[in-house]
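Reading the structure
As a plain string of letters, each chain reads:
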Amino acid sequence: MDPKQYDNLQQSISPKPSILKNCLKAFLVGGIFCTVGQLITYIYISYFNFTEKTAGNPTVATMIFIAMLLTGFGLYKKIGQFAGAGSAVPVTGFGNAVISAAIEHKTEGFVLGVGGNIFKLAGSVIVFGVVSAFVVALVKLILVTMGVANW
Amino acid sequence: MMDQGVIYFPSKPAIIGSGVVAGPVEKNSVFAQDFDRLYDNERADEDSNEKGHQTMVEEACQIALKKANIKQNDVDFLMSGDLVNQMTPSNFAAATLQVPYIGLFSACATAVSSVIIASLLTELGGSRYALAGAGSQHNSVERQFRYPVEYGGQKPGTAQWTVTAAGYVLIAKGQMNSPAVEAATIGKVIDLQQTDPFHMGAAMAPAACDTITRHLKGRGQKLADYDLVMTGDLGKVGLPILKEMLTKQGMAKQDVQKIRDAGAEYYGDDEAFLAGASGAGCSASVFYSYILKQLNEKKIERVLAVATGALLSPLTVQQNESIPCTAHAIEISMK
Amino acid sequence: MKKWFGLLVILILVGCNNGKNDFMATNNKEEYQQQQQKIEQILKEDKHVKRVTAVFTKDSAIVGIEVKPFSKWNKQKYEKKWKKEVEKALPDRNVVVSTDLKLIMETDKLAKKQLSEKKLDKKIKDLKKLEKEET
Amino acid sequence: MFVSIVIAFIVGGLICVIGQLLMDVGKLTPAHTLSILVVTGAILDGFNLYEPLIDFAGAGATIPITSFGNSLTHGAIAEAEKHGWIGVLTGMFEVTSSGISAAILFGMIGALIFRSKGQQP
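Residues numbered from 1 in each chain as written. Chains lettered and ligands numbered in written order. Predicted model: local features only at pLDDT ≥ 70, side-chain atom pairs only at ≥ 80, totals over all residues. Heavy atoms only, no water.

1. Some thoughts on the overall build of chain A
Along the backbone of chain A there are eight helices and zero strands. Each helix and strand of chain A, placed in order from N terminus to C terminus, yields the pattern α-α-α-α-α-α-α-α. For a compact globule of 151 residues, the expected C-alpha radius of gyration is about 15 Å, and chain A comes in at 21 Å, more than 25% above that figure. Oriented by its inertia axes, the alpha-carbon framework of chain A measures out at about 65 × 50 × 40 Å. Counting across all 151 residues of chain A, residues that qualify as buried make up 52%. The long-range fraction of contacts in chain A, counting pairs at least 24 apart against all pairs at least 6 apart in sequence, stands at 49%. With an accessible surface of roughly 6,500 Å², chain A has 71% of that area assigned to carbon and sulfur atoms. Between the centroid of the 10 positive side chains of chain A and the centroid of its 5 negative side chains there is a distance of 8 Å. (Helix = DSSP H or I, 4+ residues; strand = E, 2+ residues; numbered from the N terminus. Rg over C-alpha atoms; globule rule 2.2 N^0.38 Å. Buried < 20%, exposed > 50% of the residue type's maximum accessible area, 1.4 Å probe, protein only. Contact = heavy atoms within 4.5 Å. Areas by Shrake-Rupley, 256 points an atom, 1.4 Å probe, with all protein chains shown as cover. Lys, Arg positive; Asp, Glu negative; His and termini not counted. Charge placed at Lys NZ, Arg CZ, Asp CG, Glu CD.)

2. Section: the overall build of chain C
Scanning chain C from terminus to terminus reveals five helices and four strands. Across the 135 residues in chain C, those meeting the buried criterion constitute 44%. Look at the contacts in chain C between residues 6 or more apart in sequence, and 66% of them connect residues 24 or more apart. Total accessible area computed for chain C in this model is approximately 8,500 Å², and 54% of it derives from carbon and sulfur atoms.

3. Here's the deal with the interface of chain A and chain D
Every contact between the two is made by 65 residues of chain A and, on the other side, 72 residues of chain D. Both sides together, the interface formed by chain A and chain D hides about 5,800 Å², and carbon and sulfur atoms give 79% of it. Contact with chain D buries area across many residues of chain A, yet Phe27, Val89 and Trp151 of chain A alone supply 11% of it, more than any other trio. The interface formed by chain A and chain D includes zero salt bridges. Along the contact surface separating chain A from chain D lie eleven residue pairs in polar contact (both at pLDDT 80 or more). If you list the elements that add at least two residues to the side of chain A that touches chain D, you get α2 (19-47), α3 (56-72), α4 (76-83), α5 (85-88), α6 (91-104), α7 (109-117) and α8 (123-146) of chain A. Per element, the largest residue contribution to the side of chain A that touches chain D is 17 residues, and it comes from α2 of chain A. (Buried area = accessible area lost by both parts, 1.4 Å probe. Salt bridge = Lys/Arg side-chain N within 4 Å of Asp/Glu carboxyl O. Polar contact = N/O pair within 3.5 Å; in protein donor to acceptor, adjacent residues only side chain to side chain.)

4. Concerning the nonpolar core
Core analysis: the biggest nonpolar cluster contains 68 residues, and Ile64, Val89 and Phe94 of chain A together with Ile65 and Phe68 of chain D have the highest contact counts within it. Examining the composition of this core, we find that nine residues originate from one element, α2 of chain A, more than from any other. Two domains each donate at least three residues to this core, and these are domain 1 (3-120) and domain 2 (122-151) of chain A. What Ile65 of chain D contacts, discounting residues up to four positions off in sequence, is Val89, Pro90, Phe94 and Val125 of chain A together with Leu34, Leu37 and Val38 of chain D. Ranked by size, the runner-up nonpolar core spans 50 residues in total, among them Trp161, Tyr290, Leu295 and Met334 of chain B. (Core = buried A, V, L, I, M, F, W, Y, C linked by side-chain atoms within 4.5 Å. Domains from an automatic or database assignment.)

5. A short note on the arrangement of the chains
Of all five pairs of chains sharing an interface, the pair with the highest contact count is chains A and D. With no contact between them, chain B and chain C keep their nearest C-alpha atoms 20 Å apart.

6. Overview of the sheet that holds strand β1 (residues 24-26) of chain C
All names here are of chain C. Reading across from one edge, β1-β2-β3-β4 is the order of the four strands in this open sheet, with mixed pairing throughout. Across the chains shown, the open sheet's two edge strands, defined by having one partner strand only, are β1 and β4 (94-98). Taken over all neighbouring pairs, the strand axes of this sheet differ in orientation by 15 degrees on average, direction set aside. Note that β1 and strand β2 (residues 49-56) share three bridges and pair parallel. Within the sheet, the bridge partner assigned to Ala25 lies in β2 and is Thr53. Docked against the sheet, helix α3 (residues 75-89) engages β2, β3 (60-67) and β4, running at close to 155 degrees with respect to β4. Against the sheet, helix α4 (residues 101-112) contacts β1, β2, β3 and β4, and its axis sits at roughly 50 degrees relative to β2. (Pairing = 2+ DSSP bridges. Axes fitted to C-alpha atoms, helices over the stretch in contact; angles between N-to-C directions.)

7. Some thoughts on the packing of helix α3 (residues 110-123) of chain B against helix α9 (residues 280-296) of chain B
Residue and element names in this part refer to chain B. The contact between α3 and α9 brings their axes to 8 Å, and the two run at 60 degrees. Taken as axis vectors, α3 and α9 run oblique relative to one another. Contact residues: Ala111, Val112 and Val115 in α3; Ala280, Ser283, Ala284, Phe287 and Tyr288 in α9. Of the residues in the contact of α3 with α9, the class split is seven nonpolar, one polar and no charged. (Parallel < 35°, antiparallel > 145°, perpendicular 65-115°, else oblique. Nonpolar A, V, L, I, M, F, W, Y, C, P; charged D, E, K, R; others polar.)

8. Here we look at the environment of Gly135 of chain B
All names here are of chain B. For Gly135, the position within the fold is in strand β6 (residues 129-136). As a C-alpha pair, Gly135 and Ala184 span 49 residues in sequence and 20 Å in three-dimensional space. Among residues more than four places away in sequence, those in contact with Gly135 are His53, Gly81, Asp82, Leu83, Ala165, Ala166, Tyr168, Ala280 and Gly281.

9. Details of the pattern of salt bridges
All names here are of chain B. A full pass over the atoms with the stated rule returns 33 salt bridges over all chains. Linking Lys27 and Asp40 is a salt bridge whose minimum nitrogen-to-oxygen distance equals 2.4 Å. Residue Lys27 is located in the loop between β2 (14-22) and β3 (37-38), and its partner Asp40 is located in the loop between β3 and α1 (49-68); the two are separated by 13 residues in the primary sequence. Note on Asp40: relative accessible area 67%, which makes it exposed. A single salt-bridge network, built from bridges that share partners, covers Lys12, Glu182, Arg219, Arg302 and Glu331.

10. Some words on the domain arrangement of chain A
All names here are of chain A. Segmenting chain A into domains produces domain 1 (3-120) and domain 2 (122-151). Computed from C-alpha coordinates alone, the two centres of domain 1 and domain 2 are separated by 27 Å. Each partner contributes residues to the interface: domain 1 has five residues there, and domain 2 has four residues. Together domain 1 and domain 2 conceal approximately 340 Å² of surface at their shared face, both sides included; 78% is due to carbon and sulfur atoms. At the junction of domain 1 and domain 2, the tally comes to one residue pair in polar contact (both at pLDDT 80 or more). Residues that form the side of domain 1 that touches domain 2 fall into these classes: four nonpolar, no polar and one charged.

11. Observations concerning the packing of aromatic side chains
All told, the structure shown has 18 aromatic pairs over all chains when counted by the stated rule. Connected via pairs of aromatic rings, a cluster forms that spans Phe31, Phe35, Trp161, Tyr266, Tyr267, Phe273 and Tyr290 of chain B. (Phe/Tyr/Trp six-rings, centres within 6.5 Å; stacked < 30°, edge-to-face > 60°.)

12. Topic: the side chain of Ser90 of chain B
Residues and elements named next belong to chain B. For Ser90, the position within the fold is in helix α2 (residues 88-97). Residue classification places Ser90 among the buried residues on the basis of a relative accessible area of 1%. When neighbours within four sequence positions are excluded, Ser90 is seen to be in contact with Ser80, Gly81, Asp82, Tyr101 and Tyr168.

13. Things to note about the interface of chain A and chain C
Counting residues at the interface gives 13 residues for chain A and 16 residues for chain C. For the pair chain A and chain C, the two sides together bury roughly 1,300 Å², of which 62% comes from carbon and sulfur. At the junction of chain A with chain C, the criterion picks out one salt bridge. Between Lys75 of chain C and Glu52 of chain A there is a salt bridge whose closest N-O contact spans 3.3 Å.

14. Details of the pairing of β2 of chain B
Residues and elements named next belong to chain B. With nine of nine residues buried, β2 lies mostly within the body of the structure. Bridging between β2 and strand β8 (residues 165-172) involves eight bridges; their strand directions are antiparallel. Across the sheet, residue Gly19 finds its bridge partner in β8, namely Tyr168. For β2 and β3, the ladder comprises two bridges, and the chain directions are parallel. Looking at the pairing, Val21 lines up with Arg37 of β3.

Below you can see the structure in the form of structure tokens.
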């Protein structure tokens, strides 16, 4: 049997993921994470000296703290299996990637294990964030210098 | 009657003892009552997953020896393998057991390939007693091949759950009233360009199909000559694919439908385990507890046990290579 | 979980809608009636404004403007425009204009409290500093 | 305020749906998906489109990982505006340090106090 024929056979038997159902679940859970974020933002604005602009940072830190608890108690992977991108895309997913790697590699010691592997999964997000931010800012700087665009 | 990769054992090496241990999640397995020991802790109370894995291998071997009433010093060989990097759980267990040892890697098919080698050594007269088997531990395998255990990635419905279990058998010269290894078929490595590491069933089914076909041809048999044909860890999706392939090759439909798969049945209908169980411990724990028990109780007489293995590494997956797979088969009979 | 969440939402709703349906809330000093009306005139016609809260002293003024939810997309553009207009209307004062929730909340608080001019001036200065913060 | 929360829910949910589509239809791994979303956030900020989204949706835009790319670019652009070429390099982490530092800190704390719960499906 050649690979193409087999692939057709295999796909006719394998169950397909229900994309609509997955999207609905991602929407619901992702929405809930953002709602919780919004409520935390309100708390920081109401009870602490933060404006809408500056409340973002403590909110993100709080969300990552929540992610630590959910990961540590073994709940985040259950949410993740249900929600897919709904729990991966919010910043808690970034936190989960970092924290799960840290917990996992604890047995190899804190320096090489935790320290060396903490960004094993989340590192690419930082790398591509920084590189793309650099390129975008540079392009913009060039365009502004040329007088084609405004800041 | 020489066919590619098919071995016949005229002296009928006997399986005189077996030991199967499993982790806490495996208490829910439909095969759990046949296991010799179930741990309450997935690391077998050790401080790392890999150490726990090693302990499981050691205990399974000890149980097999104890059941057969054989001393450790009388064992000539140990054939073992697992899925962790460089097979350290097996290697370290061999250091503890102090039995001459060769580590084998056929991924999840090591459960059977180790028994084939042990039977060969016995057949040659080079071994009085040989231990053979394989194991896997969920956490250590998961973190090596996929993500950290606590990472919240979504697995598709075709993904399988790596079993925490180890199964070992003690093989001796042929004797009455013990299940005998009559023949075996060593698998080719088959690669039909499947690339999804979350769909091992589809990658491994062609290898199982090839091995079963060759074994039946080499032995001049039909599926109906076996009371039980069981594959290792094709899972709930891989098994129907295998059945479809065999049917297409002209095997009788009612015989093909009787093929069972340890991985597909392992956790029953629990949907949390998606497409079922996988891992070297999956086939080893079922073959060397459930099947041997059925044979010993003379409920069945002839079994074809086919363990499948996906020969991938995280590296090859990331380098966009396809997943080559193999399957090894042994024919066990009870007279 | 869902129940708690619903309760929280209701609490916030109740907390926010405490009968403040008027368009503009101020510290209501008679001597600043004129300025108050000026500001109201500027903003009342604007269809993006939901509510205004303002506090005046002799030397300074703070105007918090709540933007309608679906106009928030261009909030920064509107804020710039309003800033200009309000500064023009109150040329002799140190003015803070903001659409930020924090500034609106604080201005609301100031409007309710009866504080001395000096204290109000200081508070407004603090809020201006807060508004300038970037991170 | 209720309307704002509903908007945050819907916008945040929709960004996650985009992520889910990338994974299910585009067959991408989570790491690829998140990287693409971060890059998207960075590019959107280049066109001055992400800040309005934050003004509109609040946490619905700041919680998804896209905002990480946005704030990196935002910091870089803000510094570039002030200091020119060098600013592009130095401004990057000015706004976003909290996410990364919190992740590192809580990762370490998590490793100290937790142990993998492991095997529950």
